[in-house]
Amino acid sequence: VAQGLKRMREGRLTPGLRALFSAAGRDPAKTTSQDLGFIIGPRLNAAGRLADMSLGIEALITDDEARALNIAQQLDALNRERKGIESEMQAQALAHLATLEENASPESSGASEQAGVSLFHPEWHQGVIGILASRLKEKLHRPVFAFARGAEHEVKGSGRSIPGLHLRDALDLLA
């Protein structure tokens, strides 16, 4: 990572990386690992989440500056779309949890007292449920599973856990 960051700061980038930095409004000469993880990476990942990951791969391997800039702009737009979808899904999830809390009977515990949370919405985007589970885990401080429709007759899910609890072990106990 240190060597890669050094090269980027020196201006030794592929056309695709240069274009991604440009689309994100970042200066590669001042790049940090945070930029790669939270600015460049999400733009590349947005293609696989919402469309076709080959677009992100092409961005990284093309030698054509104009093509790289075009792809970077597409990836930036996909990332903005992904953020909007994620925000809407999170609002829906939190509203549903609030409704469960309001409707909890005195003898049963509400959602805020449960050891974990599992949510499904038929319109959630399957490429974004992992991010949703992660965001909810951070807000609720408990393990979260989020599910969305997959292909025909299929449900896809993603889970995130808290320190000290491995989801594989918890699921094994349930099995």
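Presented here is a report on the structure given in the accompanying data block. (Residues numbered from 1 in each chain as written. Predicted model: local features only at pLDDT ≥ 70, side-chain atom pairs only at ≥ 80, totals over all residues. Heavy atoms only, no water.)

Quick notes on helix α4 (residues 54–61)
Worth spelling out the cut-off: The rule is simple: take the accessible area with a 1.4 Å probe, protein chains only, and divide by the maximum for that residue type; under 20% is buried, over 50% is exposed, in between is partly exposed. Counting from the N terminus, the helices are the DSSP runs of H or I reaching at least four residues and the strands are the DSSP runs of E reaching at least two. Throughout, the arc means the angular range of directions from the helix axis out to the C-beta atoms. Residue contacts follow a heavy-atom distance rule, with two residues in contact if any of their heavy atoms lie within 4.5 Å.
For α4, the complete set of buried residues consists of L55, G56 and A59. The buried side chains of α4 occupy one side of the element, clustering within an arc of 100° when seen end-on. Turning to α4, the residues buried within the fold contact α2 (15–23), α3 (33–50) and α5 (65–102).

Comments concerning the pairing of strand β3 (residues 155–160)
Keep this limit in mind: Pairing between two strands is assigned when DSSP locates at least 2 bridges connecting them.
The pairing of strand β2 (residues 144–149) with β3 spans 6 bridges and is classified as antiparallel. Considered in β3, the bridge of A148 is made with K156. Count of turn residues in the β2/β3 antiparallel hairpin: 5 residues, of which H153 carries a positive phi of about 60°.

Looking at the environment of E101
Checked against the element boundaries, E101 lands in helix α5. Expressed as a C-alpha distance, the spacing of E101 and R43, which sit 58 residues apart in the sequence, is 36 Å.

Digging into the side chain of T31
Short version of the rule: Any pair of N or O atoms that falls within 3.5 Å is considered a polar contact. Within protein, one atom must be able to donate a hydrogen and the other to accept it, and sequence-neighbouring residues count only if both atoms are side-chain atoms.
Secondary-structure assignment places T31 in the loop between α2 and α3. Since its relative accessible area comes to 1%, T31 is described here as buried. A polar contact is formed between the side chain of T31 and the side chain of D35, at a distance of 3.5 Å. Residues contacting T31, with those up to four places away along its chain left out, are L5, M8, R9, F21 and L36.

Considerations on a nonpolar patch on the surface
Heads up, the rule is: Only residues whose relative accessible area exceeds 30% and that take part in no salt bridge are eligible for patches, with like-charged residues grouped when within 9 Å of each other and nonpolar side chains (Val, Leu, Ile, Met, Phe, Trp, Tyr) grouped when within 5 Å. Method for areas: the Shrake-Rupley scheme with a 1.4 Å probe, in which residue coverage is limited to the protein chains shown. In what follows, salt bridge is the name for a side-chain nitrogen of Lys or Arg lying within 4 Å of a carboxyl oxygen of Asp or Glu.
Residues M53, I57, L60 and I61 make up a contiguous nonpolar surface patch of about 350 Å² in total accessible area. Within the element layout of this structure, I57 appears in helix α4. The exposure class of I57 is partly exposed, given its relative accessible area of 44%.

Brief notes about the packing of α5 against helix α6 (residues 129–140)
The relative placement of two packed helices is expressed as an angle between their axes plus a distance between the axes. Put simply, the rule is: Comment: axis = line fitted to C-alpha atoms, over the contacting stretch for helices; angle = value between 0 and 180 degrees taken between N-to-C directions. Roughly parallel means an angle under 35 degrees; roughly antiparallel means over 145; roughly perpendicular covers 65 to 115; every other angle is labelled oblique. Note on convention: near helix rotated counterclockwise from far helix by under a right angle means a left-handed crossing. Clockwise means right-handed.
At their nearest, the axes of α5 and α6 sit 10 Å apart, and the two run at 50° to each other. The pairing of α5 with α6 is recorded here as oblique in orientation. Of the two possible hands of crossing, α5 and α6 adopt the one that is right-handed. Two secondary-structure elements touch here, α5 through R82, E86, M89, Q90, A93, L94 and L97 and α6 through I129, I131, L132, R135, L136, K139 and L140.

Notes on the pattern of salt bridges
Overall, the coordinates contain 10 salt bridges when judged by the stated rule. Between E10 and R12 there is a salt bridge, with the nearest N and O atoms lying 3.5 Å from each other. Residue classification places E10 among the partly exposed positions, given a relative accessible area of 46%. We note a salt bridge from R82 to E86, for which the minimum N-O separation is 2.4 Å. With R82 and E86 both in helix α5, this residue pair falls 4 residues apart, about one helical turn. For the pair R82 and E86, one class covers both residues: buried. Each of R43, D76 and R80 takes part in one network of salt bridges that share partners.

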